[in-house]
Amino acid sequence: MRQTPYYVFDTDEFAKRAAMIRAALDCKGGRRIPLCFSIKANPFLLHRLPEGLDHVEVCSPGELEICIALGVKPECIIYSGVMKEKCDIERAVSYGAGILTCESIRHATLISEVMLECMPEGAHEAEFAEMKAQVILRLTSGNQFGMSLDDIEYIISHPDEFKGITVIGIHYYSGTQKSLRKINKDLEKIKSALTGLKEKYGFEPQLVEYGPGLCVEYFEEDWQEKEKQSLDEAAEVLREFAVEYPLGIEMGRFLAASCGKYYTQVKDLKSTGDANYAILDGGIHHLNYFGQRMAMQVPPIKVFDGIEWELEKSSDVCRVRGMVGYECMNDIINKNMQKANDCEDYTLCGSLCTVADVMVREVVLPRLEIDNIIEFGHCGAYSVTEAPALFLSRQLPAIYAYSKEYGYECLREHIPAAEINLAGKK
């Protein structure tokens, strides 16, 4: 029996998701919109990247080191990030990162400096041009990321100040969980910027990297239908844009969310007044759903008998020996449930010593018992890295990858957080 808590990331589901997006984006006449995976959503999915992904966006030196360790093709890397130091750029360049983003004039200066220092003395003009870094300039959406259109114009109009770079395009991202209306607004802003750059400087991009931030339906029973509808609606306007400009699409959450599940075990049960509490060995330090407010929304949940619990090699992500899993979503009980008197209202709480550690405020489940396993779905994006895992020095969950071909592979054992939080030993 595997020790809880742990995550399982289904790489078959990840590949299926990428193929669905790829099919929606492909244009008539064979025009292919490059698809980029933003690995900050889940770096563990680099373990088996599916076909159909053209690039991975890397936003920190640590993420770059993960890519290097796993042998990610350097030409596939878009090295991004709001804060870059010269040593970070040197590392990315030495690995051969295909594209670097500039989020400020300083970024352009530093990248140019690094490239010029790499140039051999007496290099011919053609050789010099080939060794320049290919960069895309990030246009701000009104926050600390990216730069103003004035700064972009300055870089493009002063090539002699940035001799080590070749500007091949622009990058734009304005946030997640966006509506079609917001996507259209983004595209109009990009068009306006590119029109001005062409009129003033004759600049025509080779790549317009855009993050549409499609909405992930964490708390809806018909999430697959709704997400497919959102994808199809967005894909229509993106394909139209791609007729006029060399569009590239980056995604993180929308690609990864559906492939992850999180398992935690019931360790205590108690009632205080009108509330039934289930105390789990996981908690909010492992699980984070975008848009969850005061634990009122109910994500996909299954309950399994803890006796003889074992993940099996199966096309179904998880099974339980000797018992069918009960499902719950938005207070709708699976038809496999027994009569209503076998159900209870529960508040699912984690193991942290804080009143904030409520995973679900109110949910109807089959009558729980100690050692039952609770499965939380739709947590393939961000939970594994974004949740405050070091709080209260609980151990970090184990991580498994699943595929039909390879079965379950342990990517990380449990890690005692106390070892990380402990002050240096004498």
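Below, the structure is looked at part by part. Please read all numbers here as calculations on a predicted model, not as lab measurements.

A closer look at the pattern of salt bridges
Logical step 1: Under the defined criterion, the tally for this structure stands at 19 salt bridges.
Logical step 2: Where Arg48 meets Glu409, a salt bridge forms, and the shortest distance between an N and an O atom there is 2.7 Å. Within this pair, whereas Arg48 is found in the loop between strand 2 (35–38) and strand 3 (55–58), its partner Glu409 is found in strand 19 (residues 407–412), the two being separated by 361 residues in sequence.
Logical step 3: According to the relative accessible area criterion, Arg48 is partly exposed, its value standing at 24%.
Logical step 4: We note a salt bridge from Lys198 to Glu204, for which the minimum N-O separation is 3.7 Å.
Logical step 5: Residue classification places Glu204 among the exposed positions, given a relative accessible area of 53%.
Logical step 6: Among the charged side chains, a salt-bridge network with shared partners connects Arg22, Asp26, Arg32 and Asp54.

A short note on the side chain of Arg17
Logical step 1: As for its placement among the helices and strands, Arg17 is situated in helix 1 (residues 11–25).
Logical step 2: Side chain to side chain, Arg17 and Glu227 meet in a polar contact 2.4 Å long.

With respect to the sheet that holds strand 5 (residues 99–102)
Logical step 1: Spatial ordering of the closed barrel is given by 2-3-4-5-6-7-8-9, a layout of 8 strands whose pairing is parallel. Mean inter-strand twist for the sheet, computed between neighbouring axes without regard to direction, equals 30°.
Logical step 2: Bridge count for strand 2 against strand 3 is 3 bridges, and the pairing is parallel. Considered in strand 3, the bridge of Ser38 is made with Glu57.
Logical step 3: On top of the sheet, helix 7 (residues 180–201) reaches strand 7 (165–173) and strand 8 (207–211); it is set at about 155° to strand 8, its chief contact.

With respect to the side chain of Thr264
Logical step 1: In this fold, Thr264 is placed in strand 10 (residues 260–272).
Logical step 2: You can call Thr264 buried: its relative accessible area is 0%.
Logical step 3: Among the polar contacts listed, one links the side chain of Thr264 to the side chain of Asp281, at a separation of 2.6 Å.
Logical step 4: Setting aside chain neighbours within four positions, we find Thr264 in contact with Thr4, Pro5, Leu280, Asp281, Gly282, Asn372, Ile373, Ile374 and Phe376.

Description of the environment of Asp10
Logical step 1: Structurally, the position occupied by Asp10 is in strand 1 (residues 6–10).
Logical step 2: Between the C-alpha atom of Asp10 and that of Tyr408, which follows or precedes it by 398 residues, the distance is 9.1 Å.
Logical step 3: Of note is the side chain of Asp10, whose polar atom sits 3.1 Å from the backbone nitrogen of Glu13.

Reading guide: rules and limits
Residues numbered from 1 in each chain as written. Predicted model: local features only at pLDDT ≥ 70, side-chain atom pairs only at ≥ 80, totals over all residues. Heavy atoms only, no water. Salt bridge = Lys/Arg side-chain N within 4 Å of Asp/Glu carboxyl O. Helix = DSSP H or I, 4+ residues; strand = E, 2+ residues; numbered from the N terminus. Buried < 20%, exposed > 50% of the residue type's maximum accessible area, 1.4 Å probe, protein only. Polar contact = N/O pair within 3.5 Å; in protein donor to acceptor, adjacent residues only side chain to side chain. Pairing = 2+ DSSP bridges. Axes fitted to C-alpha atoms, helices over the stretch in contact; angles between N-to-C directions. Contact = heavy atoms within 4.5 Å.

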